[in-house]
Amino acid sequence: MKSISILGDRNLTLTSIQNMKHSGAVRTYPVSDDRFCAEFPDGHIFFDYDTDLSDRKDELEKLPFQAAAVIMIVYRNAANVRHVLTQPDFPQNVYIDNDFGVLLPLQEYIAAGMPMEE
């Protein structure tokens, strides 16, 4: 499994991900209190919510806001993640960390071609 992370302020919650339309998903469901799944015909995405940011000091120093939460996106098919990130109801005031040295605001990440492990 591969992953990228969404870093956000106190407005970033798992509920904001659950409330999305998830266009193209065949099924969506909570796995636990801090994990949500969106299943697509060619794979699934897990959204793991975490407020323990103690191991992310380097990334947090680069943000223009006080980060309060991280949602890790765990996936197999990068195309599904790219689709989700570009949905109009995806949280907008977030940064994306692709775990390979890229930490950008969502719109800049999209403009950069959404680099992530394929």
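Every value quoted in this text rests on a predicted model; they were computed, and no experiment measured them.

**Remarks on the sheet that holds strand β3 (residues 35–40)**
1) Next: Strand order in this open sheet of seven strands is β2-β3-β4-β5-β1-β6-β7, and the pairing throughout is antiparallel. In the strand order of this sheet, the two ends are held by β2 (27–32) and β7 (103–105), each with one partner. Averaged over neighbouring strand pairs, the angle between their axes works out to 25 degrees when direction is ignored.
2) Next: With four bridges connecting them, strand β1 (residues 2–8) and strand β6 (residues 94–97) associate as antiparallel partners. Paired with I6 across the two strands is I96, which belongs to β6.
3) Next: Strands in contact with helix α3 (residues 78–85) are β1, β3, β4 (43–50), β5 (69–75) and β6; relative to β4, the strand with the most contacts, it is inclined by about 60 degrees.

**Looking at unusual backbone geometry**
1) Next: The phi angle at D99 is positive, at roughly 65 degrees, despite the residue not being glycine.
2) Next: Position of D99 relative to the elements: it lies in the loop between β6 and β7.
3) Next: With relative accessibility at 37%, the residue D99 sits in the partly exposed group.

**Focus: the packing of aromatic side chains**
1) Next: Applying the stated criterion across every chain, the model contains two aromatic pairs.
2) Next: Ring plane angle 40 degrees and centroid distance 6.1 Å describe the contact between F36 and F47, whose orientation is recorded as tilted. On the criterion of sequence distance, the pair formed by F36 in strand β3 and F47 in strand β4 is long-range, its members being 11 residues apart.
3) Next: Between the NZ or CZ atom of R27 and the centre of the ring of Y29, over which it lies, the distance is 4.0 Å.
4) Next: The ring of F46 has R35 sitting right over it, with the charged end atom 3.9 Å from the ring centre.

**Looking at the side chain of N80**
1) Next: Residue position: N80 is located in helix α3.
2) Next: Those residues in contact with N80, other than ones at most four positions away along the chain, are F40, D42, G43 and I45.

**Considering the pairing of β4**
1) Next: For β3 and β4, the ladder comprises six bridges, and the chain directions are antiparallel. Residue pairing across strands places A38 opposite I45, the latter belonging to β4.
2) Next: Connecting β3 to the next strand, β4, in antiparallel fashion are two residues.
3) Next: Bridge analysis of β4 against β5 gives six bridges, and the strand direction is antiparallel.

**Overview of the side chain of K2**
1) Next: Of note, K2 is situated in strand β1.
2) Next: A distance of 2.5 Å separates a polar atom in the side chain of K2 from the backbone oxygen of E118.
3) Next: Excluding residues within four positions of it along the chain, K2 makes contact with I73, V74, Y75, R76, E117 and E118.

**Some thoughts on the nonpolar core**
1) Next: Of all hydrophobic cores here, the largest spans 25 residues; its most connected members are I4, F47, I73, L85, F90 and M116.
2) Next: Only β1, α1 (14–18), β3, β4, β5, α3, β6 and α4 (106–111) provide two or more residues apiece to this core.
3) Next: When residues in this core are grouped by element, the largest group, four residues, is from α3.
4) Next: Sequence-distant contacts of F47, defined by excluding residues within four places in its chain, comprise L14, I17, H22, D34, R35, F36, A38, I71, M72, I73 and V84.

Conventions we followed
- Residues numbered from 1 in each chain as written.
- Predicted model: local features only at pLDDT ≥ 70, side-chain atom pairs only at ≥ 80, totals over all residues.
- Heavy atoms only, no water.
- Pairing = 2+ DSSP bridges.
- Helix = DSSP H or I, 4+ residues; strand = E, 2+ residues; numbered from the N terminus.
- Axes fitted to C-alpha atoms, helices over the stretch in contact; angles between N-to-C directions.
- Contact = heavy atoms within 4.5 Å.
- Buried < 20%, exposed > 50% of the residue type's maximum accessible area, 1.4 Å probe, protein only.
- Phe/Tyr/Trp six-rings, centres within 6.5 Å; stacked < 30°, edge-to-face > 60°.
- Lys NZ or Arg CZ within 6 Å of the ring centre and 35° of its normal.
- Polar contact = N/O pair within 3.5 Å; in protein donor to acceptor, adjacent residues only side chain to side chain.
- Core = buried A, V, L, I, M, F, W, Y, C linked by side-chain atoms within 4.5 Å.

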